[in-house]
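What follows is the residue order along each chain.
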Amino acid sequence: MKKMVFALVAMVMMTMSANAQSNDNNSKLTFDRLASYLELRGDQIEQVKTAMAQFESSMQAYYQLQDASKAADTWGKIQNRHKITMKKVLDEKQYNKYMATFELTTKNSADRIHDQQLANK
């Protein structure tokens, strides 16, 4: 469980780091692709942008968390709050697509980190 939590944190931090280094056009392109994939309506776009920014902000605060014993619980709270927000903004079909992408990204990142840990042994 701890490996999965730390893998998730690493995945999000890598994503945030990549986004911080990218220019505004690249970030806009990434969001535009997500919006297209989810088939967002005009009224959903700003809400999703806000939800994603809140998630990123929460993850930045989580990354600064010094107490490892609270890591799994804190990650779960951040993730659940984000899921609740996205569920309010998206319709059922959009939410299911988003969650499938979110879970796949999480799994792939965890697998990649696990493989790197094995290679470093």
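Refer to the structure presented above.
Values in this document were obtained by computation on a predicted structure and should not be read as measured data.

So, about the side chain of Q44. When you line up the elements, Q44 lands in helix α3 (residues 42–63). Here Q44 falls in the buried class, since its relative accessible area comes to 0%. Apart from residues no more than four positions distant in its own chain, Q44 is found in contact with E39, V89, L90, D91 and Q94.

Here the focus is α3. Every α-helix carries 3.6 residues per turn, so stepping three or four residues along brings you back to the same face. Here α3 contains 22 residues, and its C-alpha end-to-end distance of 32 Å stays within 8% of the 32 Å for a straight helix at 1.5 Å per residue. Where α3 is concerned, the buried positions are Q44, V48, A51, F55, S58, M59 and Y62. With its buried residues spanning 100° around the axis, α3 presents them on a single face. The exposed set on the far side of α3, more than 90 degrees from its buried face, consists of G42, E46 and A61.

Within the structure shown, the criterion is met by five salt bridges. Ionic pairing is found between K28 and D32, a salt bridge with its closest N-O pair at 3.0 Å. Of this pair, K28 and D32 are both found in helix α2 (residues 24–38), four residues apart, which corresponds to roughly one turn of the helix. Accessibility expressed as a relative area gives 36% for D32, which makes it partly exposed. The closest approach of N and O atoms between K83 and E103, which form a salt bridge, is 3.5 Å.

Quick look at the nonpolar core now. Buried together is how nonpolar side chains tend to be arranged in soluble globular proteins. Grouped together as the largest cluster of nonpolar side chains are 20 residues, with contacts concentrated most on L40, V48, M86, L90 and Y98. Listed by contribution, the elements that provide at least two residues to this core are α2, α3, α4 (71–89) and α5 (92–119). If sequence neighbours within four positions are ignored, Y98 has contacts with L34, L38, M52, H82, M86 and L90.

Scanning the model with the defined rule gives two aromatic pairs in all. Centre to centre, the rings of F55 and F102 are 5.9 Å apart; their planes meet at 70°, and the pair counts as edge-to-face. Highlighted residues: F55 in helix α3 and F102 in helix α5, separated in sequence by 47 residues. Ring centres of Y98 and F102 lie 6.1 Å apart, and the angle between their planes is 25°; on these two criteria the pair is classed as stacked. Of this pair, Y98 and F102 both sit in helix α5, separated by four residues, roughly a single helical turn.

Calculation notes
Residues numbered from 1 in each chain as written. Predicted model: local features only at pLDDT ≥ 70, side-chain atom pairs only at ≥ 80, totals over all residues. Heavy atoms only, no water. Helix = DSSP H or I, 4+ residues; strand = E, 2+ residues; numbered from the N terminus. Buried < 20%, exposed > 50% of the residue type's maximum accessible area, 1.4 Å probe, protein only. Contact = heavy atoms within 4.5 Å. Expected span 1.5 Å × (residues − 1). Arc of directions from axis to C-beta. Salt bridge = Lys/Arg side-chain N within 4 Å of Asp/Glu carboxyl O. Core = buried A, V, L, I, M, F, W, Y, C linked by side-chain atoms within 4.5 Å. Phe/Tyr/Trp six-rings, centres within 6.5 Å; stacked < 30°, edge-to-face > 60°.

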